[in-house]
Amino acid sequence: YIADRIAIPNKIFVEFGVENYTESNTRFLLVNNNWSGLAIDGSKDNIRFIKNDFIYWKYDITAVHSFITKDNINRLIGDYTSVSDIGLLSVDIDGNDYWVWDAISAINPRIVVVEYNAVFGAQKQVTVPYKEDFVRRKAHYSDLYFGASLPALVQLANKKGYDFIGVASGGINAFFVRKDLSAPFKKPSVEQAFVPSPNRDSRDEKGNLSFLPFEKRLSVIAGLPVYDIEQATTKTIRELYRL
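Our subject in this report is the structure included herewith. Since this is a predicted model, take the numbers as computed values, not measurements. (Residues numbered from 1 in each chain as written. Predicted model: local features only at pLDDT ≥ 70, side-chain atom pairs only at ≥ 80, totals over all residues. Heavy atoms only, no water.)

This paragraph deals with the layout of surface pockets. Its volume calculated, the largest pocket comes out at about 1200 Å³. If you trace the largest pocket, you find 46 residues lining it, with E19, D92, D94, E115 and R136 closest to the centre. Per-class residue counts for the lining of the largest pocket are 16 nonpolar, 17 polar and 13 charged. In this model, the second largest pocket occupies a volume close to 280 Å³. Y1, I2, A3, N25 and L29 are the residues nearest the centre of the second largest pocket, which is lined by 13 residues in total. (1 Å grid on protein atoms, 1.4 Å probe; cavity = no way out; pocket = protein on both sides within 12 Å on 5 of 7 lines; lining within 4 Å. Points joined across faces, edges and corners; volume = space filled by probe spheres on them. Nonpolar A, V, L, I, M, F, W, Y, C, P; charged D, E, K, R; others polar.)

With that settled, the discussion passes to the packing of aromatic side chains. For the coordinates displayed, the defined rule picks out eight aromatic pairs. Ring centres of Y116 and F194 lie 6.1 Å apart, and the angle between their planes is 55 degrees; this geometry places the pair in the tilted category. Of the two residues, Y116 is situated in the loop between β5 (111–115) and β6 (126–127) and F194 in the loop between α9 (190–193) and α10 (217–220); the sequence distance between them amounts to 78 residues. Comparing Y116 with F194, the two get one shared label, buried. Between F164 and F176 the ring centres are 5.7 Å apart and the planes differ by 45 degrees, which places this aromatic pair in the tilted class. With F164 in strand β7 (residues 162–167) and F176 in strand β8 (residues 173–178), this residue pair connects regions lying twelve residues apart in the sequence. Each residue in the set W101, Y162, F164 and F176 is aromatic and connected to the rest through ring pairs, giving one cluster. (Phe/Tyr/Trp six-rings, centres within 6.5 Å; stacked < 30°, edge-to-face > 60°. Helix = DSSP H or I, 4+ residues; strand = E, 2+ residues; numbered from the N terminus. Buried < 20%, exposed > 50% of the residue type's maximum accessible area, 1.4 Å probe, protein only.)

This part takes up helix α5 (residues 73–80). I73, L76 and I77 are the residues of α5 that are buried. When α5 is viewed along its axis, its buried side chains cluster within an angular range of 95 degrees and face the same direction. At its buried positions, α5 is contacted by β1 (12–16), β2 (36–41), β3 (61–65) and α6 (97–103). (Arc of directions from axis to C-beta. Contact = heavy atoms within 4.5 Å.)

Now for the sheet that holds β5. An order of β3-β2-β1-β4-β5-β8-β7 is seen for the seven strands of this open sheet, with the pairing classed as mixed. Strands with a single pairing partner mark the edges of an open sheet, and in this sheet they are β3 and β7. For this sheet the average axis-to-axis angle between neighbouring strands, irrespective of direction, equals 15 degrees. Its contacts with the sheet place helix α8 (residues 150–160) against β5, β7 and β8, and it is angled at close to 150 degrees to β7. (Pairing = 2+ DSSP bridges. Axes fitted to C-alpha atoms, helices over the stretch in contact; angles between N-to-C directions.)

Below, the discussion takes up the sheet that holds strand β10 (residues 233–236). In spatial order, the strands read β6-β9-β10; together these three strands make up an open sheet with antiparallel pairing. Among the strands making up the open sheet, the edge pair consists of β6 and β10.

Here it is in structure tokens:
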């Protein structure tokens, strides 16, 4: 829908954190709209799966294995394309998403899709502190500690020249359009657009699904640190949210 509302002269995408690419934000564009693009994932098995999938010979996609950091992301993108004005960037690495998007300068996408962590709520601009080797499951057994809040991503988007136009109904992805192209879209506030994720994929200390309701999730990670972007300081979730 978004891609149909704006001009996109270079139908190129970059998506990272794609897993095996069977569920992604760009596959429809690749298969149905003849886009081309770069898919990056930190798992060799996932990249092997993509390269053995029929899409790899039938469509113009390049799959690269790499663990993404804010220091290597521009090189990875630059090795794929020298085109800055690409159509879409999708960020979903369950960890340093805020920091990596902030670091990207090799491209100036028209559309950006970023996963937000709904557990952090709609009020505070917070992200997990940057750690080069951050892995969601290793960071905390619950799988609830990762990424950034929606307000944090909206703040970063504005700094990078993007307008926030809404979130997916599943409460996972936020959508941004470059300010020079965003006229066709409404610009909701974070409070108007925020959707709590219904996903009940939290884990207990033994690794079993715990099926926590949304309102009980934040307290499980209360002792962990988050970076408060407005205050430029790191506090525990308990301190910041007064739990």
